[in-house]
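The residues making up each chain are set out below.
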Amino acid sequence: MKQALRDLAALVARIAVGGIFFANGWTKLEDGLKITGAKFLEQGAPAPGAWATVTMLAELIGGALLIAGLAVSTTGLILFAEALAVFLVATPLNPITTNELILLGAASLLLAVVGAGRISVDHMVVIRRRESEAASEFAADTEADRVIASLREPDQPPPAASEQEVSPTEDTAPHPRPRGQAEQKRNEDPAPSPAPGDTLVAGRKKPPARTRRTSTDS
């Protein structure tokens, strides 16, 4: 809010001060350099023709630049120097004009120090210049990053061992025999059938029981 008020106050001051300077220069232009030079001669200024030309151009051009807000720092200093020179060399006879001249000089110096504010051509030019500089810096950084990335690509480290694929020849884990081969093996090598009289106990053959010899056999 304060910044907005400052910008508005700077705009009003620029229009007022620049408008007065421009009006005075326009009056000198309408009167002509001869009449303006004659007035300066009456006030005791040396080289009245040169004074008339310099003051007319300074007030016309400087007033227009102040209103537009262009090169306010330089323009304000030039208008302050012009007002101070006129006050010292050719003091106006009218006291009101003298007071007006003092106020215009002080306001010009203040604008030169404070600046034109954000509502001015100066601020627009500064913003565009900063944006172009930022864009050029961003483009330069992007190009540098691209060059660095292209230089780093050949020197990339090899992938980690965990990410490498295991070769089929290195796979030593046991694999189950295919079902068809297992059945074919069993068909080729059938288990031997037990002989008569043998009894299978827990997967082993049990020999036949011995018969007791009776006394009749002996």
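Residue numbering note: each chain is counted from 1, following its sequence as written. For a predicted model such as this one, the threshold for reporting local features is a pLDDT of at least 70, and the threshold for listing and counting side-chain atom pairs is 80 or more; totals across whole chains, interfaces and linings nevertheless cover every residue. Only hydrogens and water are set aside; all other atoms, that is, all heavy atoms of the structure, feed into the side-chain values.

1. Points about the pattern of salt bridges
This is how it is decided: What makes a salt bridge here is a side-chain nitrogen of Lys or Arg within 4 Å of a carboxyl oxygen of Asp or Glu, nothing more. The classification of residues rests on relative accessible area computed with a 1.4 Å probe and restricted to protein chains. Under 20% of the type maximum is buried, over 50% is exposed, and intermediate values are partly exposed.
Enumeration over the complete set of coordinates arrives at three salt bridges. The partner of aspartate 31 in a salt bridge is lysine 39, with the nearest N and O atoms 3.5 Å apart. In this structure lysine 39 comes out as partly exposed when scored by relative accessible area, which is 43%.

2. Digging into the confidence of the model for the protein chain
Rules: Within a predicted model, pLDDT stands for the predictor's per-residue confidence, ranging from 0 to 100. Between two residues, a contact is recorded if the distance between any of their heavy atoms is within 4.5 Å.
Mean pLDDT over the protein chain: 75, with 67% of residues reaching 70 or higher. Between residues 199-203, whose pLDDT stays under 50, and residues either more than four places distant or in other chains, the model counts five contacts. Segment residues 214-218 is flagged for pLDDT under 50; beyond a separation of four residues in sequence, or across chains, it makes zero contacts in the model.

3. Focus: the packing of helix α1 (residues 2-31) against helix α3 (residues 48-68)
Under the convention used in this document: Lines are fitted to the C-alpha atoms to define the axes, a helix being fitted only along its stretch in contact, and any angle between axes, read from their N-to-C directions, falls within 0 to 180 degrees. A run of H or I in DSSP counts as a helix once it spans at least four residues, and a run of E counts as a strand once it spans at least two, with each numbered from the N terminus. The scheme is simple: roughly parallel for angles under 35 degrees, roughly antiparallel for over 145, roughly perpendicular for 65 to 115, oblique for anything else. If you view the pair so one helix is near and one far, a crossing is left-handed when the near helix is turned anticlockwise from the far one by less than a right angle, and right-handed when it is turned clockwise. Each residue is assigned to one of three groups, with Ala, Val, Leu, Ile, Met, Phe, Trp, Tyr, Cys and Pro labelled nonpolar, Asp, Glu, Lys and Arg labelled charged, and all others, Gly among them, labelled polar.
Close contact between α1 and α3 brings their axes to 7 Å; oriented N to C, the two are set at 150°. Taken together, the axes of α1 and α3 are roughly antiparallel relative to one another. At the point where α1 passes α3, the crossing takes the left-handed sense. Between α1 and α3, the contacting residues are Arg14, Ile15, Val17, Gly18, Gly19, Phe21, Phe22, Asn24, Gly25, Trp26, Lys28 and Leu29 on the first element and Thr55, Met56, Glu59, Leu60, Gly63, Ala64, Leu66, Ile67 and Ala68 on the second. For the contact of α1 with α3, the per-class residue count stands at 12 nonpolar, six polar and three charged.

4. Description of the packing of aromatic side chains
As a reminder, the rule being used: Stacked, tilted and edge-to-face are the three classes applied to pairs of Phe, Tyr and Trp rings, where Trp contributes its six-membered ring and a pair requires centres within 6.5 Å; stacked means planes under 30 degrees apart, edge-to-face means over 60, and tilted covers the rest.
Counted by the stated rule, this structure contains two aromatic pairs. Both rings, one in phenylalanine 22 and one in tryptophan 26, keep their centres 6.2 Å apart while their planes meet at 20°; by these two values the pair is stacked. Separated by four residues within a single helix, phenylalanine 22 and tryptophan 26 lie in helix α1, roughly one turn from each other. Overall, the relative accessible area of 32% leaves phenylalanine 22 in the partly exposed class. Note on phenylalanine 40 and tryptophan 51: the rings are 6.4 Å apart at their centroids and 25° apart in plane angle, and the pair reads as stacked. Of this pair, phenylalanine 40 sits in helix α2 (residues 33-42) while tryptophan 51 sits in helix α3, and the two are 11 residues apart along the sequence.

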